[in-house]
Amino acid sequence: ANEDPKDQLIEFRMMSCLLLATIFGFLGSLAAATCERWGWVIGTFSFGVANAVLLLNYSRLFLPHVRRRFERQLAGISRQQDALLQEVHTVQRNSQRARVV
């Protein structure tokens, strides 16, 4: 697709950070469990799960670069719709002229 390289970099950075936060949350919970710090186990495991949920639902998040992408797609679809409507009107006019003659 015609994506802005800046937006691609933002998306890569966001997904990478979410993935790292997920991994380190789970690793942190394992480390806390070996030290028998059960409060930390719950906290770091929850942190890992929360980041995993964000990562899995990333495409549904309302983020500025995602909004820009949707706005560009909407503008393209609107242009296509305008072109199709013009074609339909032209065909209708030609059809009406053909009936009159």
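An account of the accompanying structure is given in this report.

So, how was this worked out
Residues numbered from 1 in each chain as written. Predicted model: local features only at pLDDT ≥ 70, side-chain atom pairs only at ≥ 80, totals over all residues. Heavy atoms only, no water. Helix = DSSP H or I, 4+ residues; strand = E, 2+ residues; numbered from the N terminus. Rg over C-alpha atoms; globule rule 2.2 N^0.38 Å. Buried < 20%, exposed > 50% of the residue type's maximum accessible area, 1.4 Å probe, protein only. Contact = heavy atoms within 4.5 Å. Areas by Shrake-Rupley, 256 points an atom, 1.4 Å probe, with all protein chains shown as cover. Lys, Arg positive; Asp, Glu negative; His and termini not counted. Charge placed at Lys NZ, Arg CZ, Asp CG, Glu CD. Phe/Tyr/Trp six-rings, centres within 6.5 Å; stacked < 30°, edge-to-face > 60°.

1. Topic: the overall build of the protein chain
- Summing up its helical and strand segments, the protein chain has three helices and zero strands in all.
- Reading the secondary structure of the protein chain in the N-to-C direction produces α-α-α.
- At 26 Å, the protein chain has a C-alpha radius of gyration far larger than the 13 Å of a compact globule built from 101 residues.
- Taking the principal axes of the C-alpha coordinates as reference, the protein chain spans close to 95 × 25 × 15 Å.
- Of all 101 residues assigned to the protein chain, the portion counted as buried reaches 19%.
- Residue pairs in contact within the protein chain that sit at least 24 positions apart in sequence constitute 60% of those at least 6 positions apart.
- When the accessible surface of the protein chain is split by element, carbon and sulfur atoms take 66% of a total near 8200 Å².
- Here the protein chain contributes 12 positive and 8 negative side-chain charges, whose respective centroids are spaced 6 Å apart.

2. Points about the packing of aromatic side chains
- Applying the stated criterion to the full structure yields one aromatic pair.
- With 5.4 Å between their ring centres and 50° between their planes, Phe26 and Phe45 make a pair best called tilted. Within this pair, whereas Phe26 is found in helix H1 (residues 5-34), its partner Phe45 is found in helix H2 (residues 38-56), the two being separated by 19 residues in sequence.
- For Phe26, a relative accessible area of 29% translates into the label partly exposed.
- Judged by its relative accessible area of 44%, Phe45 is partly exposed.

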